[in-house]
Amino acid sequence: AFDISHLSGTMTVASMICWKNNSPSKQDYRKFKIRGISGPDDFAGMKEVLTRHYTRTISEGGTLPDMILIDGGKGQINVAAKVLEELGILNKVDLIGLAKGRSERKSGRSRGKNIDYEYVVKPNQKNEIRMRRNSDVLYFLQNIRDESHRFAIQFQRQLKRSENLHSVLEDIPGVGSERRKLLLRQ
């Protein structure tokens, strides 16, 4: 599963998480700093991370996953499908996206209440696939998507903390960590 995260268009990062045998495979998790874009462009970020990861996987002779889950709707899926098509692996893996639907009013029982829904999208398929709200499959996909989101946010916060703790003394050539400590004590 892949997710893109950014802070108002800055510090764009991506996460990749893996599930094996119905549980997270944390040793296969990966973090990516998105370098090639500026601004809040999730589509370009998705293109960059998929291109980088699967180009490397193919060149090293790694194994492809059974399924790739993208956090997002039609736009993200179309970008992902295009990248995988260019790499020649779209027909070797299942590609789906999990997107949050807009609230809609449910007629009848819950008058006036808005009910959110989530749906699955696939490349080259016109209509979305609506899942039952209490479906085990939907719950499983949501857990995977939420874990990829959590992992991306955690990485982004880590980068933000290290950026905030940066000292101007670190930018001076020839000043190492010991000299910085002495200067700060003085």
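Everything below is about the structure printed above this text.
This write-up is about the structure you can find in this document. The residue numbering used here restarts from 1 in each chain and proceeds along that chain's sequence as written. A pLDDT threshold of at least 70 governs which residues receive local features in this predicted model, and a stricter bar of 80 or more applies before side-chain atom pairs are shown or counted, although totals over entire chains, interfaces and linings include all residues. Think of the side-chain values as coming from all heavy atoms in the structure, minus any hydrogens and water.

**Thoughts on the overall build of the protein chain**
So the rule is basically this: Helical segments are the DSSP runs of H or I of at least four residues, strand segments are the runs of E of at least two, and each set is numbered from the N terminus. Exposure categories follow from relative accessible area, calculated using a 1.4 Å probe and restricted to protein chains: below 20% of the type maximum is buried, above 50% is exposed, and the middle band is partly exposed. The contact rule is simple, with two residues in contact once any of their heavy atoms fall within 4.5 Å. Computed with the Shrake-Rupley method and a 1.4 Å probe, the accessible areas treat only the protein chains shown as cover for residues. Counting rule for charge: Lys and Arg are taken as positive, Asp and Glu as negative, and neither His nor the chain ends is counted. Where a charge lies is defined by one atom per residue type, namely NZ (Lys), CZ (Arg), CG (Asp) and CD (Glu).
The helix and strand inventory of the protein chain stands at four helices and 11 strands. Each principal axis of the C-alpha distribution contributes one length, and for the protein chain these read about 70 × 50 × 30 Å. Burial status across the protein chain gives 39% buried among its 186 residues. Taking as baseline every contact in the protein chain between residues at least 6 positions apart, the subset at least 24 positions apart corresponds to 54%. Total accessible area on the protein chain is roughly 12200 Å²; 48% of this is exposed by carbon and sulfur atoms. Between the averaged position of the 33 positive side-chain charges in the protein chain and that of its 22 negative side-chain charges there is a distance of 4 Å.

**Structural notes on the nonpolar core**
Threshold: We call a set of buried residues a nonpolar core when its members are Ala, Val, Leu, Ile, Met, Phe, Trp, Tyr or Cys and they connect through side-chain atoms within 4.5 Å of each other.
Core analysis: the largest hydrophobic core is formed by 26 residues, its most contacted members being F2, V49, L50, I70 and L95. Counting residues per element, the ones that place at least two in this core are β1 (2–7), β2 (10–16), α1 (42–59), β6 (67–71), α2 (74–87), β7 (94–100) and β10 (118–121). At six residues, α2 tops the list of elements feeding residues into this core. Beyond its immediate stretch of four places on either side in the chain, L50 contacts F2, T55, I70, A80, V83 and L87. By size, the runner-up hydrophobic cluster in this structure holds 12 residues, among which are I17, Y29, I96 and L141.

**Quick notes on the pairing of β2**
As a reminder of what qualifies: DSSP-based pairing: two strands are paired if at least 2 bridges between them are found.
Within β2, six of the seven residues are buried, which leaves the element mostly enclosed by the surrounding structure. Sheet topology places β1 next to β2; five bridges connect them, and they run antiparallel. Directly across from D3, in β2, lies its bridge partner S15. In terms of strand pairing, β2 meets strand β5 (residues 30–33) through four bridges, oriented antiparallel. Directly across from S15, in β5, lies its bridge partner K31.

**As for the layout of surface pockets**
Just so we agree on the cut-off: Points on a 1 Å grid over protein atoms alone make up a cavity when a 1.4 Å probe fits among them but cannot get out, and a pocket when they form an open set with protein on both sides within 12 Å along at least five of seven lines; lining residues each have an atom within 4 Å of a point. Grid points are joined across faces, edges and corners, and a volume is the space filled by probe spheres set on the points. Under the grouping applied here, Gly and all other residues not named as nonpolar or charged are polar, the nonpolar ones being Ala, Val, Leu, Ile, Met, Phe, Trp, Tyr, Cys and Pro and the charged ones Asp, Glu, Lys and Arg.
When its volume is computed, the largest pocket comes out at roughly 860 Å³. If you trace the largest pocket, you find 29 residues lining it, with M16, C18, T63, L64 and P65 closest to the centre. Those elements giving two or more residues to the lining of the largest pocket turn out to be β3 (19–20), β5, α1, β6 and α3 (136–164). A total of five residues in the lining of the largest pocket trace back to one element, the largest contributor, which is α1. Considering only residue class, the lining of the largest pocket consists of 15 nonpolar, six polar and eight charged.

**Let's talk about the pairing of β7**
So the rule is basically this: Orienting the strands away from the viewer, one traces the path from the first strand over the helix to the second; a clockwise path indicates a right-handed crossover.
In terms of burial, β7 is a largely internal element, five of the seven residues being buried. Of the strand pairs in this sheet, β6 and β7 are connected by five bridges, and their pairing is parallel. Looking at β7, one finds that I68 is bridged to L95. Handedness of the crossover joining β6 and β7 through α2 is recorded here as right-handed. Across four bridges, β7 lies against β10 in antiparallel orientation. Considered in β10, the bridge of L98 is made with V120.

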